[in-house]
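# Residue-level structure breakdown
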Amino acid sequence: MTMAYDADSDTSDEALMVLYANGDRHAALALTQRITPRILAYAVRMLGGDRAEAEDVVQETMLRLWRVARDWRQGETKVTTWAYRVATNLCIDRQRSVRRKGQVGLDAAPEPVDGAPSPDGRLQDARRLAALEAALAGLPDRQRQAVVLRHIEGLSNPEIAAVMEIGVEAVESLTARGKRALSNALAGQKSALGYEDDRDAG
Amino acid sequence: MRDRDLDDLLDMAARTRPKPSPGLMDRVLADALGEQVLAPVMMQDAPRVGWLARLAQAFGGGPVLAGVCSFLIVGLVVGYLDPATVDYLTGGVASAETVDLFPSTDFLMTEG
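### Considerations on the overall build of chain B
Check the secondary structure of chain B and you find 5 helices and 0 strands. Each helix (α) and strand (β) of chain B, taken in turn from the N terminus, gives the series α-α-α-α-α. Out of the 112 residues in chain B, the part that is buried amounts to 9%.

As structure tokens, this is what we get:
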């Protein structure tokens with residue numbers, strides 16, 4: 001069987017949505033391969049490393065995407081922007097639900113994303129990533145969203161503004177404040193994470 | 001913590017994206033194909049209506065059209081029948097020559 005499209009083909013996500021709505025099964029596969037990894041990575045960061053919750057968020061986001069495909073209007077919104085927006089709302093809902101219950105189970109505790117046991121530098125990297133996850137989890141929702149989208153997912157400020165439905169200046173402000181808060185949160189762990197003291201830095 | 005260290009850490013996080021499990025990809029794809037199967041059924045066109053059915057609808061539907069046809073046939077039959085036969089049929093009604101509608105008001109019509 002020859003594949004008409006795949007995750008790397010030139011066909012745009014928006015065109016794939018139209019093809020999907022018209023019954024093209026290859027378009028379904030291509031969209032799954034393109035969108036799912038991005039939304040999963042984002043949801044894991046937004047949910048403080050809780051992979052099981054993140055997978056639920058991804059599946060729900062994608063289900064809503066399939067259902068909206070029939071009414072999709074090309075040129076209005078990018079598929080990824082739409083998916084990030086839905087995933088954000090689902091993540092925030094889940095976090096609020098956890099906060100209402102007033103407990104964070106062991107499963108929800110931040111863990112290194114790359115959890116494979118590794119010696120030397122990789123173990124250090126895993127510690128640093130775990131610390132970053134924990135620091136991100138401590139940020140206000142909007143700041144965490146802006147920092148993750150900008151510095152981890154690599155979206156541009158206008159794209160983030162579209163996802164968050166705010167202005168570009170507000171995105172810049174949220175990102176700056178988020179980074180400052182992250183820096184402060186991680187400052188106390190510099191030695192444990194193997195970072196040089198600021199005074200030692202050249 | 002230095003800005004450069006934080007930027008490096010964020011870069012590292014960007015490079016170490018969690019990858020979706022095959023199980024998640026299978027579930028998402030199954031949902032996609034499941035929703036796609038439903039779509040054509042929901043988008044199916046309504047059954048095509050013929051011109052005769054549309055004409056009947058214009059006259060108010062089947063029962064009304066049946067009534068109109070019945071009266072049309074009666075009209076044709078009456079039109080073809082001999083007038084004597086019609087007199088026979090309507091004689092009971094048409095034979096009355098005068099009908100006194102207000103017999104008690106005759107005194108008002110008397111002169112003088």
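Next, the rest of the story.
### Comments concerning unusual backbone geometry
Residue and element names in this part refer to chain A. Backbone geometry at glutamate 165 places phi at a positive 55°, although glycine is not the residue there. Turning to its location among the elements, glutamate 165 is positioned in the loop between helix H7 (157–164) and helix H8 (168–187). On the basis of neighbour count, glutamate 165 is assigned to the exposed category, with 9 C-beta atoms found within 10 Å.

### Focus: the interface of chain B and chain A
Contacts between the two partners involve 26 residues from chain B and, on the opposite side, 39 residues from chain A. When grouped by side-chain class, the residues that make up the side of chain B that touches chain A number 17 nonpolar, 2 polar and 7 charged.

### Some details on the environment of alanine 162 of chain A
Residues and elements named next belong to chain A. Tracing the backbone shows alanine 162 in helix H7. Given 20 C-beta atoms within 10 Å, alanine 162 falls into the buried group. Separated by 81 residues in sequence, alanine 162 and threonine 81 have C-alpha atoms that sit 6.8 Å apart.

### A few points about the confidence of the model for chain B
All names here are of chain B. Per-residue confidence for chain B gives a mean pLDDT of 76, with 62% of residues at or over 70. Within chain B, helix H5 (residues 83–94) has the poorest average pLDDT of any element, 65, and helix H1 (residues 3–15) the best, 90. In the model output, the complex is listed with pTM 0.66 alongside ipTM 0.78.

### Focus on the environment of alanine 134 of chain A
Residues and elements named next belong to chain A. By the secondary structure assignment, alanine 134 is in helix H5 (residues 120–137). On the neighbour-count criterion, alanine 134 (17 C-beta atoms within 10 Å) is partly exposed. Through-space distance from the C-alpha of alanine 134 to that of arginine 45 is 9.6 Å; in sequence the pair is 89 residues apart.

### Here we look at the nonpolar core
Residues and elements named next belong to chain A. Ala43, Ala83 and Ala87 are the most contacted members of the largest nonpolar core, which has 60 residues in total. Among the elements that make up this core, the one with the highest residue count is helix H2 (residues 25–46) (13 residues). With sequence-adjacent residues up to four places away left out, alanine 83 is seen in contact with Ile35, Ile39, Thr61 and Leu65.

Conventions adopted
Residues numbered from 1 in each chain as written. Chains lettered and ligands numbered in written order. Predicted model: local features only at pLDDT ≥ 70, side-chain atom pairs only at ≥ 80, totals over all residues. Helix = DSSP H or I, 4+ residues; strand = E, 2+ residues; numbered from the N terminus. Buried ≥ 20, exposed ≤ 12 C-beta atoms within 10 Å, placed from the backbone. Contact = placed C-beta atoms within 7 Å. Nonpolar A, V, L, I, M, F, W, Y, C, P; charged D, E, K, R; others polar. pLDDT = per-residue confidence, 0-100. Core = buried A, V, L, I, M, F, W, Y, C linked by C-beta atoms within 7 Å.

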